[in-house]
Amino acid sequence: SMAAFQLQTHSITNSSIQAQVNSVLQAALDAADPRAAVRAALRREGSRVITGGQTLDLDDYQHVFVTGAGKAVTSMAAGAQDVLDDRINGGVLIAKHRIAGDSEPLQSALAIRTGEHPVPGEGSLSATRELVNLLSACRSGDLVVCLISGGGSALLTLPQPDISLDDIQELTRLLLASGATIAEINSLRKHLDQVKGGGLARFAHPARLVTLVLSDVVGSPLSAIASGPTVADPTTYADALAVLDRYSIAERVPGAVRWALEEGHLGFRPETMKPGDPLLDSALTVLAGSNQQSAQAAVEAARRAGFQAQVLTTYLQGEARQVGEVLGGILRQCAESGDPLPRPACLVAGGETTVTLRGDGLGGRNQELALGAVEMLAGVERAMLITLATDGEDGPTDAAGAVVTGETAARAAAQNLNPRQFLTENNAYALFHVLDDLVRPGPTGTNVNDLAFLFTW
């Protein structure tokens, strides 16, 4: 369903290698195709739907509603519609973009709303109210299918009554610039919002709830994806407060936010939904797609294309530039000694790094990771590192990542550009733009986090 992946780069002159590389990246994106992932996770035989090892009989339910939020929600909904079709009675979906060219429009019963991301806005708020109103009207004879994907934390937003949208926006900006991990950020979001940390499951009760998740979080802990709106939350108010201290932003967050967390910590506010809560007994959650699944698909495609291939890890975390240097070192070792794999080789790594902003340049964590590998790879022959944000969007740019080879350092030097200087300014986009080595697939309509591909040939 996605446009064929075409890596346009000055770094590859060998057209057969270019075609093979494209096929590997394409396989990774295809495995994360939300429509196909949902179809595979919801099998239907007549009136029965088999999902997550359980069988539901559609004839047992008065109404079937399809809801959800995230960057991939429209394509996931198309998959749900492929399966449930005539049984869908309504729904509200909150997307980031209206993805153009969806091969099949969604039924009129499904309302598509757009919200803001990564900082929630008025659109997120009004769409979430509409979704909550629908769920609040559900009864025990109803079935709610909830589709969750990355970006859901910002798109699905309903702050606690005494916290304003401005407060949440200010907190989100502070957290995104602090270097906090997504799990840390979400522990705060969950304790300030009515729909996160199991909150949505509360609104849907007593309807039967089935959640299908396309994971964009390292290791796919369900409570972290989109801030776990339909699953239990193991984190506490104390955890949330600790994050503010850890990144020295306790004094800078809005007063209402700190007040709410302090009150919660003292027991004056209810906690988020905890593991073992009976409300979750009738809720089923199924992982439909993940970084691990995409990385594995890329490896299988690489083997078909004649590469020795393996997944290195799907737990990449840490400062992007340092992870880039480490991956550059692994690729260099591969190229120079054939360890851990002899040429032609393809190693795939996945996860999500962080960037601590020091400069005011333009880029994103995938471009910065690539820039971090440039010096380590200088002079290495027939080797290439490609970074890719699977949603097609890396930071506030039109790129998803970048390509680095053994020639990148020399090509930069020939134009009097110093990669280290661009790193200092967090300005990876500018350097790779000049070298024509940005990866630009455009928004893909899916999101299973980031992938890095290490090729030798």
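Just so you know, these numbers come straight off a predicted model, no measurement behind them.

1. So, the sheet that holds strand β2 (residues 48-51)
Part 1: Reading across from one edge, β1-β2-β3 is the order of the three strands in this open sheet, with antiparallel pairing throughout. Edge strands, defined here as strands with exactly one partner in the open sheet, are β1 (43-45) and β3 (54-57). Neighbour-to-neighbour, the strand axes of this sheet turn through a mean angle of 25°, independent of strand direction.
Part 2: When β1 meets β2, the two strands line up antiparallel, connected through three bridges. The partner of Arg43 across the bridge, within β2, is Ile50.

2. Details of the sheet that holds strand β13 (residues 401-405)
By definition, the strands of a sheet pair up through backbone hydrogen bonds, in either a parallel or an antiparallel sense.
Part 1: The mixed open sheet is built from six strands, whose spatial order is β10-β11-β15-β12-β13-β14. Among the strands making up the open sheet, the edge pair consists of β10 (308-316) and β14 (438-439).
Part 2: The sheet contact formed by β13 and β14 spans two bridges and is antiparallel. Its bridge partner being in β14, Ala402 is matched across the sheet by Leu438.

3. Considering unusual backbone geometry
Part 1: Of note, the amide linkage connecting His117 to Pro118 takes the cis form, showing an omega dihedral of 5°.
Part 2: Within the element layout of this structure, Pro118 appears in the loop between β6 (110-114) and α4 (122-136).
Part 3: Of the consecutive residues His205 and Pro206, the connecting peptide bond is found in the cis state with omega at 10°.
Part 4: With respect to the secondary-structure elements, Pro206 resides in the loop between α8 (199-204) and β8 (208-214).
Part 5: Phi at Ser248 is positive, roughly 50°, even though this residue is not glycine.

4. Focus: the pairing of strand β7 (residues 142-149)
For a regular strand, the rule is simple: side chains alternate between the two faces of the sheet.
Part 1: Judged by how many residues are buried, β7 sits mostly within the fold: eight of eight residues are covered.
Part 2: With burial as the criterion, each face of β7 is covered, one bearing Asp142, Val144, Cys146 and Ile148 and the other bearing Leu143, Val145, Leu147 and Ser149.
Part 3: Bridge count between strand β4 (residues 63-69) and β7: seven bridges; the pairing is parallel. Along β7, the bridge assignment pairs Thr67 with Cys146.
Part 4: Looking at chain direction, β7 and β8 are connected through seven bridges and run parallel. In the sheet register, Val145 faces β8, and the bridge partner there is Val210.

Criteria and cut-off values
Residues numbered from 1 in each chain as written. Predicted model: local features only at pLDDT ≥ 70, side-chain atom pairs only at ≥ 80, totals over all residues. Heavy atoms only, no water. Pairing = 2+ DSSP bridges. Helix = DSSP H or I, 4+ residues; strand = E, 2+ residues; numbered from the N terminus. Axes fitted to C-alpha atoms, helices over the stretch in contact; angles between N-to-C directions. Buried < 20%, exposed > 50% of the residue type's maximum accessible area, 1.4 Å probe, protein only.

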